[in-house]
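In case you want the letters, here they are:
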Amino acid sequence: MLADFRDRLAEGGRADRLLDLALDRLKEAGLVRERTTQRTDSTHVLAAVRDVTRLELITEAVRAALEESQASSLICSTSW
């Protein structure tokens, strides 16, 4: 299905026309300016990924500690 769509889109410059149409609409909406250099800055994305990674590490550490604590308390309660 997707491959067929890609093939149809590639026929006769359809991809270029679709991109031009999308850019025209974005310009009309004021989201893209004429003939300016567009830059992407991924600094905030990298920072967010780093924060999420740290949060995941902390969450995983707390989860592992809780599981170990629960397992230890079960061992202690069954040995009495």
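All values derive from a computational prediction rather than experimental measurement. (Residues numbered from 1 in each chain as written. Predicted model: local features only at pLDDT ≥ 70, side-chain atom pairs only at ≥ 80, totals over all residues. Heavy atoms only, no water.)

> Please explain a nonpolar patch on the surface as it appears in this structure.
On the surface, a cluster of nonpolar side chains totalling about 360 Å² of accessible area is made up of Leu 19, Leu 23, Leu 26 and Leu 31. On the secondary structure map, Leu 31 appears in the loop between α2 (14–28) and α3 (43–79). (Patch = residues over 30% accessible without salt bridge, like charges linked within 9 Å, V, L, I, M, F, W, Y side chains within 5 Å. Areas by Shrake-Rupley, 256 points an atom, 1.4 Å probe, with all protein chains shown as cover. Salt bridge = Lys/Arg side-chain N within 4 Å of Asp/Glu carboxyl O. Helix = DSSP H or I, 4+ residues; strand = E, 2+ residues; numbered from the N terminus.)

> Explain the confidence of the model for the chain to me, please; I cannot follow it from the model alone.
In low-pLDDT regions, the fine details of the predicted coordinates are not to be read closely. Looking at the chain as a whole, the pLDDT averages 78, with 80% of positions reaching at least 70. For the chain, helix α1 (residues 2–10) is the element with the lowest average pLDDT, namely 76, and α2 is the one with the highest, namely 85. (pLDDT = per-residue confidence, 0-100.)

> Could you clarify how one ought to interpret the pattern of salt bridges in this entry?
Two side chains that carry opposite charge are able to pair once their charged atoms sit near each other. Applying the stated criterion to the full structure yields 3 salt bridges. Between Arg 25 and Glu 28 there is a salt bridge, and its shortest N-O distance comes to 3.9 Å. Of this pair, Arg 25 and Glu 28 both sit in helix α2, separated by 3 residues, roughly a single helical turn. Glu 28 sits in the exposed class, given a relative accessible area of 64%. As a salt-bridge pair, Glu 60 and Arg 63 come within 2.2 Å of each other at their nearest N and O atoms. (Buried < 20%, exposed > 50% of the residue type's maximum accessible area, 1.4 Å probe, protein only.)

> It is not clear to me how α2 should be interpreted in this structure. Could you clarify?
Quick reminder: α-helices carry 3.6 residues per turn. Residues three or four places apart thus point the same way. An ideal rise of 1.5 Å per residue puts 21 Å on 15 residues; α2 measures up with 21 Å between its terminal C-alpha atoms. Where α2 ends, the next residue or the one after it, Gly 30, has phi of about 80 degrees, a positive value. (Expected span 1.5 Å × (residues − 1).)

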